[in-house]
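Below, each chain spelled out in residue letters.
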Amino acid sequence: MQTVSTRTARLALLAALILATGALAGCAPASATAASSWPGVAANDTTAYVAYGPAVYALNLENGQEVWHYPRDANRSISYYAPPVLTAEGDLIVGGYDKVVYRLNANGSEVWRFEGSGDRIIGSAALADTLVLVPSADYFLYALDLETGRLAWSFEAKSSLWAAPLVDGDRVYLASLDHLVYALQVSDGSLLWSQDLGAAMADTPVLVDGVLLVATFGAGLQALDAETGRILWSVPTEGWVWGSPNAADGIAYFGDVAGYVYAVDLASQRELWRIQPDGPVAETPALADGTLYFGTEAGSVYARQAASGTSVWEQPLTGKLYSDLLLRGDTLLVASLQGDAVLTALDAASGVIRWSFTPAE
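Residues numbered from 1 in each chain as written. Predicted model: local features only at pLDDT ≥ 70, side-chain atom pairs only at ≥ 80, totals over all residues. Heavy atoms only, no water.

**Observations concerning the pattern of salt bridges**
- This structure, assessed with the given rule, holds 12 salt bridges.
- Of the charged contacts in the structure, one is a salt bridge between Asp91 and Arg103, with a shortest N-O distance of 2.9 Å. Taken together, the residues Asp91 in the loop between strand E5 (85–86) and strand E6 (92–95) and Arg103 in strand E7 (residues 101–104) connect sequence positions 12 residues apart.
- Take Asp91: its relative accessible area is 10%, and that puts it in the buried class.
- Its relative accessible area of 4% is what places Arg103 among the buried residues.
- Note that Arg274 is salt-bridged to Glu271, the shortest N-O span being 2.9 Å.
- A relative accessible area of 33% places Glu271 in the partly exposed class.
- One connected set of salt bridges, linked through shared partners, spans Glu89, Asp91, Arg103 and Glu147. (Salt bridge = Lys/Arg side-chain N within 4 Å of Asp/Glu carboxyl O. Helix = DSSP H or I, 4+ residues; strand = E, 2+ residues; numbered from the N terminus. Buried < 20%, exposed > 50% of the residue type's maximum accessible area, 1.4 Å probe, protein only.)

**A closer look at empty space enclosed by the protein**
- For the structure shown, the criterion picks out 1 cavity of 30 Å³ or more.
- A volume near 40 Å³ is recorded for the largest cavity.
- What lines the largest cavity is Ala82, Pro83, Ile93, Val94, Gly95, Val101, Ile121, Gly123, Ser124, Ala125 and Val134.
- The biggest single contributor to the lining of the largest cavity is E6, with 3 residues. (1 Å grid on protein atoms, 1.4 Å probe; cavity = no way out; pocket = protein on both sides within 12 Å on 5 of 7 lines; lining within 4 Å. Points joined across faces, edges and corners; volume = space filled by probe spheres on them.)

**Details of the confidence of the model for the chain**
- Per-residue confidence for the chain gives a mean pLDDT of 90; residues scoring 70 or more make up 90%.
- Counted against residues more than four places away or in other chains, residues 1–13, with its pLDDT under 50, gives 39 contacts.
- With pLDDT under 50 throughout, residues 15–36 is counted as low confidence; its partners more than four residues away or in other chains account for 49 contacts. (pLDDT = per-residue confidence, 0-100. Contact = heavy atoms within 4.5 Å.)

So this is what it looks like as structure tokens:
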């Protein structure tokens, strides 16, 4: 099993959390430290939302100006990490390290809260019609009524849940640190199947033509039959894959913490290309109009041609880039940890910085 590099702050952080759950005991360095959050980002056509530190911030997508933040008064006992989820009404669902799940309206006022989780909310929630599905580090997936926040059902895994669930019709797929992928019935949380991949997972599976693509800590990229959970094939990687793959036109794109980005043909499982940027890649790449976007722990943002990996542009930023990059129209949102700005908006075509946001002290 691979060890986590001590030079990689995020990996040490996550390893510390893993050790707390017992999922990968012995795989992390002794220098791993206690948890603190890095930014989770969501956006619609007009507003960007950043869950970071003691607050959730709403920003004007055009200029980066703060519209509101929640809670109104700073509360250092609360820390946010999980990316918010937007409802059809424009409300936000967001969980915190305080073990609470919040629904906020478009003005930043609290609609309801769920306090039934026994541990931190690290993974993003997912919407399933009238339900909110929330993964928790206490091993449970909670299904909450979207309107009231009341518990509808819960499902217990064998270890912490960090990955947002994947909802497909009447099914929900769940990746866990316990090495298992679960398929559940959305209506009541009943188990349809589970599959042991022999490695932990911290991000959401991707469904492509009936095949689940699952990124793992040490077992590469795995493909499962979504109906039965049967393992179809796997593609090895140089390092752990923390983010989800992004798939389009029969090709999966993903990065690893050894510092490689891959393009793999799903039909043949053949590696089409790989590149090595300036540091570990720990997030899910963004993809649009034939261009692949990703960031590195060294603080660089890359735009590459998806077909060949050829450079389109590169933009150095400050800090460490661990959060998923998010595209909204022609704007690329990049969150940074320990950088000069918490969120930076880039022009997706050129990489030019449009605006940046740092919370007021």
